[in-house]
There are 2 protein chains.
Amino acid sequence: MDKELFDIAKTNAKKIHVTGKLHDIKVGMKEISLQNGESVTVYDTTGPYTETEFTADIKTGIPKIRKPWIDARLQKEGEIKTQLWYARHGIITPEMEYVAIRENQGATEGNLITPEMVREEIAAGRAIIPANCKHPEAEPMIIGSKFLVKINANIGNSALGSSIEEEVEKALWAIKWGADTVMDLSTGTSIHETREAILRNIPVPVGTVPMYQALEKVKGNVAKLSWEVYKETLIEQCEQGVDYFTIHAGILKKHVPLAVKRVTGIVSRGGSIMAKWMSIHNEENFLYTHFEEICELMKKYDIAFSLGDGLRPGSLADANDDAQFGELETLGELARIAWKHDVQVIIEGPGHVPMHKIKENMDKQIEWCQGAPFYTLGPLVSDIGAGYDHITSAIGAAMIAWYGTAMLCYVTTKEHLSLPNKDDVREGVVTYKLAAHAADIAKGHPGAAYRDLQMSRARYDFRWRDQFNLSLDPERAQRFHFEMIKDVGRDNEFCAMCGPNFCAMRITKSID
Amino acid sequence: MDKELFDIAKTNAKKIHVTGKLHDIKVGMKEISLQNGESVTVYDTTGPYTETEFTADIKTGIPKIRKPWIDARLQKEGEIKTQLWYARHGIITPEMEYVAIRENQGATEGNLITPEMVREEIAAGRAIIPANCKHPEAEPMIIGSKFLVKINANIGNSALGSSIEEEVEKALWAIKWGADTVMDLSTGTSIHETREAILRNIPVPVGTVPMYQALEKVKGNVAKLSWEVYKETLIEQCEQGVDYFTIHAGILKKHVPLAVKRVTGIVSRGGSIMAKWMSIHNEENFLYTHFEEICELMKKYDIAFSLGDGLRPGSLADANDDAQFGELETLGELARIAWKHDVQVIIEGPGHVPMHKIKENMDKQIEWCQGAPFYTLGPLVSDIGAGYDHITSAIGAAMIAWYGTAMLCYVTTKEHLSLPNKDDVREGVVTYKLAAHAADIAKGHPGAAYRDLQMSRARYDFRWRDQFNLSLDPERAQRFHFEMIKDVGRDNEFCAMCGPNFCAMRITKSID
């Protein structure tokens, strides 16, 4: 385990802890101290890795912070109940108070998020706390349109490469830069072991697409897939502690003809596998026909559904078509079934969508899925950005998050071309933090713009160290600046771009 | 002169020429040949550098393609008339037909741009062709909301570094990646010589901020600035061939108190200089009081105004405030004066603006400036993206361009930190081409989405070479892909991200 991964938190911020009022909890946050004596407290995804007394060991894993809460509840209720069940019964869990504290990012006034507000949103199905009882290592976090926009980073080896250690390191690297959840999309060998290592060492919720492992179990032969194999896989992953499952239960037989005639057909791996299976057997999607059984299973662990969009558009030409929206309607139907079982739900969304068609996605999703949190991949607003698709997609992501999407799945510079390396993961995560943060500001999330305000004041005061520390990537900002200004020892009283005689802010300050 | 700069055009496209029907003109475009026998014609900013028979020589400069057109008109009218004058007199100039052909990007059907449409938009003040009669080297291009969104790349040495050759190379590098205009923002020594080298060697319109050189002439002493020094500078630059001038005539005495109390004051160099001058002399902005004289001068060359936003917000906290909108109203007033003199006008805009406040900028600009083309810097949708501000700003840029902004000034990764190097210029230009292209699609510009459609078909057919060539940065796309797939010799029938067994598109194709 590479402890050095977390040096950033040591150089630009100190770890602080805010205690709960309803529960015996302490919530870790980052406090950035400024040169003018003020400070800015920000959300922190790094968990124990930034605690001074913590020593990482991939073999033992990280502390199980939720274990006492889960045990106490089990004692009381006699069985695992979901966060949705507690919310509906008017009970504020430690998880709910925890996320309320985190969401306020240290703000103490204004339109603050309260534990009761968290409970209400969860009860209404408009937010979830993904929290498998078998993954007590994860710090609680909330996904819902009234809260900070979250981002997910995908990791996972494909058949073409990368080891277990590399994948754990990639996951840690992603949360260092601010990933709120991690999806392990491993295929190929060592799926179980990779996932185990990630779950025991990562302080954020972990999602998977169980179909990938189910397909490995039948040696890649789609025809041999069955409900039995899938269910066995699901139980294996439930027991390991996966917090949310992408399940492609919404793609139905009737949708397949709509999809195969598209410009780019089906671009979701899970979607294409189910479409192929239905076509071979001429039967309805077994994830749809067994959906209530899946609900029964997932509620026993409090695992959340991420209802997969198997028919998301893979090109602008296919955006908002009958295949995509047909599936979305089915996802709304499935969400209502999940809620009946007290199972938490989020809905996955596109994909490739031109700017003028983005809002319709959000509007229809809210209507058909009754406000269940939306979780989108981008969307990419053009198809010709290969090599820059973190940007092509960040444009769409910022917009759709402003419109109400609760979580964004990052896209890296390597999208469509190759698998991301560490640099790509960092660039992708920071780009998505930016998109999410821009949306938080536009939505008016309490306190979101405070960091920007402090950054702007630091700019106007030429407090360079504060500018670096308030940036989403302090290391990069500092490196870029000092590549030019070699005079490291002192703060320069002018902007590096214009030179000392042409600094607009310096001139402004001299105006009487 | 580095001819190798333009290798890209040779590897992914061939130069073709489309001839005019009204005038004896030929318009260069890029034709990308596809592996399936089809081709895609795209807009080309590289001018003679991609002509096979052309040999670059920085001493002699590039051919003066507009010289015969200018000479013929001078013969006829006896003096230089502006494109606005011709448009208002119902005359379609060669420049107008040229841009109409370019705008269609080789499309031959659909809602095509016609020379008459170009004339109408120019006559109405809703579009301009920046074209100083002393800069016949520049290929005509049009800036207006009904046309392709254009991007500008800033270059220019500051007091802290870079040579004339480096600046010319930077400008060529910018147009290689698709910059539609270049602004030379040089300060410090050799301003005149740098500009001369750029103008004689660059096939796109060039803009400047004459105030920078005027201030150099009084050795940086703002108090000594005067209308006389400024006018002398203006004439010098008019004669050299600058196509559009950023002139900060809209910042008035009454605005200064509104600006100095802001979080980040004045962040425009020109704006801060004028504010300082007004404060020292307690007089009204001499660019405002001499505005009609400036119009008289500029119409003799057909130079366009880029009315500077000296009070653009430098932070989210200052966005859409009284200072910014106060100046914008004045810019509208000045636009009407310029039009009275048949001088073409564009209006500069922000800056730093949160997403939910972007549209108001566009709406007010259209209303107050009566549809004069808007030319914005970003806007950046957050202040904390240091090191990633090409992305922070591309989000706002794509949105405001969709709303109607005609030209986007690029922002590089080094914004707020340092001056861009060659890699930064490339990254910034391609990022802005993406933002502009996304807006073209959202606006429904004829043919804009055709390249995306061909890209998507190439993806679905696993035609990798076509995917690279249809990308905005073929070199990068290809490099990223082959870093992973070492099997360079053949097209791989699966997506590099998922490996051969998990390729959704391959599975889709196998569905009966």
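Residues numbered from 1 in each chain as written. Chains lettered and ligands numbered in written order. Predicted model: local features only at pLDDT ≥ 70, side-chain atom pairs only at ≥ 80, totals over all residues. Heavy atoms only, no water.

Turning to the sheet that holds strand β3 (residues 39-42) of chain B, a few remarks are in order. Residue and element names in this part refer to chain B. Strand order in the open sheet made by the three strands is β1-β2-β3, with antiparallel pairing throughout. One side of each edge strand has no neighbouring strand; the edge strands of this open sheet are β1 (14-19) and β3. Ignoring which end each strand starts from, the neighbouring axes of this sheet average 40 degrees apart. Alignment of β1 against strand β2 (residues 26-33), held across six bridges, turns out to be antiparallel. When the sheet's bridge partners are listed, histidine 17 is paired in β2 with glycine 28. The strands touched by helix α4 (residues 94-103) within the sheet are β1 and β2, with β2 carrying the most contacts at an inclination of about 10 degrees. (Pairing = 2+ DSSP bridges. Helix = DSSP H or I, 4+ residues; strand = E, 2+ residues; numbered from the N terminus. Axes fitted to C-alpha atoms, helices over the stretch in contact; angles between N-to-C directions. Contact = heavy atoms within 4.5 Å.)

What follows concerns the side chain of Arg312(B). By the secondary structure assignment, Arg312(B) is in the loop between β10 (304-307) and α14 (322-340). Setting aside anything within four residues of it in sequence, one finds Arg312(B) in contact with Arg262(B), Val267(B), Ser268(B), Glu327(B), Pro350(B), Gly351(B) and Leu377(B).

Before going further, it helps to examine α4(B). All names here are of chain B. Counting buried positions along α4 yields 10 of 10 residues, so the element is predominantly enclosed. Taken together, the buried positions of α4 are occupied by Pro94, Glu95, Met96, Glu97, Tyr98, Val99, Ala100, Ile101, Arg102 and Glu103. Looking at the buried residues of α4, the elements they touch are β1, β2, α2 (67-77), α3 (83-88), α5 (115-123) and β6 (150-155). (Buried < 20%, exposed > 50% of the residue type's maximum accessible area, 1.4 Å probe, protein only.)

Here the residue pair Pro350(A) and Gly351(A) is connected by a cis peptide bond, since its omega of 5 degrees sits within 30 degrees of zero. Inspection of the secondary structure puts Gly351(A) in the loop between β11 (345-349) and α15 (358-368). The backbone of His416(B) shows a phi angle near 75 degrees, a positive value even though the residue is not glycine. You can see His416(B) is positioned in the loop between β13 (407-409) and α17 (422-443).

Residues and elements named next belong to chain B. Assignment of secondary structure puts tyrosine 86 in helix α3. Note: C-alpha distance between tyrosine 86 and lysine 64 (22 residues apart in sequence) is 21 Å. Leaving out residues up to four positions away in the same chain, tyrosine 86 has contacts with Arg73, Glu77, Lys81, Ile91, Thr93 and Met96.

Attention shifts here to helix α8 (residues 210-217) of chain B. All names here are of chain B. Counted residue by residue, α8 has six buried out of eight residues, so it is predominantly covered. All buried positions along α8 are accounted for by Pro210, Met211, Tyr212, Gln213, Ala214 and Leu215. Among the structural elements, α7 (191-201), β8 (206-208), α9 (227-240), β9 (244-247), α11 (269-281) and α12 (286-289) are those in contact with the buried residues of α8. Once α8 finishes, lysine 219 follows within two positions and takes phi at roughly 55 degrees, a positive value.

Quick look at the relation of the copies chain B and chain A now. Between chain B and chain A, which share one sequence, the superposing operator has a rotation angle of 180 degrees and an axial displacement of 0.0 Å; the RMSD is 0.0 Å. What the superposition gives is, in effect, a two-fold axis relating one chain to the other. Within chain B, Ile395(B) has its C-alpha nearest the rotation axis, a separation of 2.4 Å. When the interface residues of chain B are mapped onto chain A, 100% of them again fall at the interface, so both copies present the same face. (Least-squares fit on C-alpha atoms with pLDDT ≥ 70 in both.)

Okay, the side chain of Thr412(B) next. Residue placement: Thr412(B) occurs in the loop between β13 and α17. Those residues in contact with Thr412(B), other than ones at most four positions away along the chain, are Asp389(B), His390(B), Pro420(B) and Asp424(B).

Taken together, the 97 residues of chain B in the interface contact 97 residues of chain A. Roughly 8400 Å² of surface becomes buried between chain B and chain A when both sides are summed, with 71% attributable to carbon and sulfur atoms. The interface formed by chain B and chain A includes zero salt bridges. Our count for the chain B to chain A interface comes out at 22 residue pairs in polar contact (both at pLDDT 80 or more). A per-element tally of the side of chain B that touches chain A places α17(B) first, with 11 residues. (Buried area = accessible area lost by both parts, 1.4 Å probe. Salt bridge = Lys/Arg side-chain N within 4 Å of Asp/Glu carboxyl O. Polar contact = N/O pair within 3.5 Å; in protein donor to acceptor, adjacent residues only side chain to side chain.)

Any two side chains of opposite charge can pair if their charged atoms end up close together. Under the definition given, this model contains 70 salt bridges over all chains. The partner of Asp321(A) in a salt bridge is Arg262(A), and the shortest N-O contact between them spans 2.8 Å. Of this pair, Asp321(A) sits in the loop between β10 (304-307) and α14 (322-340) while Arg262(A) sits in the loop between α10 (256-260) and α11 (269-281), and the two are 59 residues apart along the sequence. Both residues of the pair, Asp321(A) and Arg262(A), belong to the buried class. Put simply, Asp180(B) and Lys433(B) hold a salt bridge, and the shortest N to O gap is 3.7 Å. Placement of the pair is Asp180(B) in the loop between α6 (164-176) and β7 (181-184) and Lys433(B) in helix α17, with a sequence separation of 253 residues. Asp180(B) gets classed as buried once you look at its relative accessible area, which sits at 3%.

Looking now at the pairing of strand β6 (residues 150-155) of chain A. Residue and element names in this part refer to chain A. Most of β6 is tucked away: six of the six residues are buried. Covered by surrounding structure in β6 are Lys150, Asn152 and Asn154 together with Ile151, Ala153 and Ile155, the residues of both alternating faces. Of the pairings in the sheet, the one linking β6 to strand β13 (residues 407-409) comprises three bridges and is parallel in character. The residue bridging asparagine 152 from the neighbouring strand is cysteine 409, located in β13. The pairing of β6 with strand β7 (residues 181-184) spans four bridges and is parallel. Looking at the pairing, alanine 153 lines up with valine 182 of β7.

Now for the pairing of β7(A). Residues and elements named next belong to chain A. Side chains of β7 alternate between two faces, with Thr181 and Met183 and Val182 and Asp184 buried alike. Pairing of β7 with strand β8 (residues 206-208) involves three bridges; the strand directions are parallel. Bridge pairing links methionine 183 to glycine 207 in β8. Each parallel crossover has a hand, and the one from β7 via helix α7 (residues 191-201) to β8 is right-handed. (Right-handed = clockwise from strand over helix to strand, strands pointing away.)

Per-residue confidence for chain A gives a mean pLDDT of 92; residues scoring 70 or more make up 93%. Per the prediction output, this complex has pTM 0.96; the corresponding ipTM is 0.96. (pLDDT = per-residue confidence, 0-100.)

A word on the packing of aromatic side chains. If you walk through the whole model with that rule in mind, you get 26 aromatic pairs over all chains. Note on Tyr244(A) and Tyr375(A): the rings are 6.3 Å apart at their centroids and 85 degrees apart in plane angle, and the pair reads as edge-to-face. Linking Tyr244(A) in strand β9 (residues 244-247) with Tyr375(A) in strand β12 (residues 374-377), this pair joins segments that are 131 residues apart in sequence. Ring geometry for Phe468(B) against Phe482(B): centres 5.6 Å apart, planes inclined by 65 degrees, an arrangement best described as edge-to-face. You can see Phe468(B) sitting in helix α19 (residues 464-470) and its partner Phe482(B) sitting in helix α20 (residues 474-484), a full 14 residues away along the chain. Residue Phe468(B) is classed as buried on the basis of its relative accessible area of 3%. Look at Phe482(B) and you get buried, because its relative accessible area is 18%. A connected cluster of aromatic rings, assembled from ring pairs, spans Trp227(A), Tyr230(A), Trp277(A) and Phe286(A). Here the basic side chain of Lys364(B) rests over the ring of Phe325(B), its NZ or CZ set 5.1 Å away from the ring centre. (Phe/Tyr/Trp six-rings, centres within 6.5 Å; stacked < 30°, edge-to-face > 60°. Lys NZ or Arg CZ within 6 Å of the ring centre and 35° of its normal.)

So, about the sheet that holds β10(A). Residues and elements named next belong to chain A. In spatial order, the strands read β6-β7-β8-β9-β10-β11-β12-β13; together these eight strands close into a barrel with parallel pairing. Averaged over neighbouring strand pairs, the angle between their axes works out to 25 degrees when direction is ignored. Examined bridge by bridge, β8 and β9 share two bridges and lie parallel to one another. Counterpart to glycine 207 in the pairing with β9 is tyrosine 244.

Take the packing of helix α6 (residues 164-176) of chain A against helix α17 (residues 422-443) of chain A next. Residues and elements named next belong to chain A. Contact geometry of α6 with α17 gives a least axis separation of 9 Å together with a crossing angle of 30 degrees. Between α6 and α17, the angle is such that the two are roughly parallel. The interaxial crossing formed by α6 with α17 has right-handed handedness. Contact residues: α6 offers Glu169, Lys170, Trp173 and Ala174, while α17 offers Lys422, Asp423, Val425, Arg426 and Val429. Its residues placed into classes, the contact of α6 with α17 shows four nonpolar, no polar and five charged. (Parallel < 35°, antiparallel > 145°, perpendicular 65-115°, else oblique. Left-handed = near helix turned anticlockwise from the far one by under 90°. Nonpolar A, V, L, I, M, F, W, Y, C, P; charged D, E, K, R; others polar.)

Our next topic: the state of the cysteines. One pass over the full model with this rule turns up zero disulfides over all chains. With no disulfide of its own, Cys295(A) lies closest to Cys238(A) among cysteine sulfurs, the gap being 12 Å. (Disulfide = S-S within 2.5 Å.)

In this structure, Leu453(B) sits in helix α18 (residues 450-460). Overall, the relative accessible area of 22% leaves Leu453(B) in the partly exposed class. Excluding residues within four positions of it along the chain, Leu453(B) makes contact with Val263(A) and Ala317(A).

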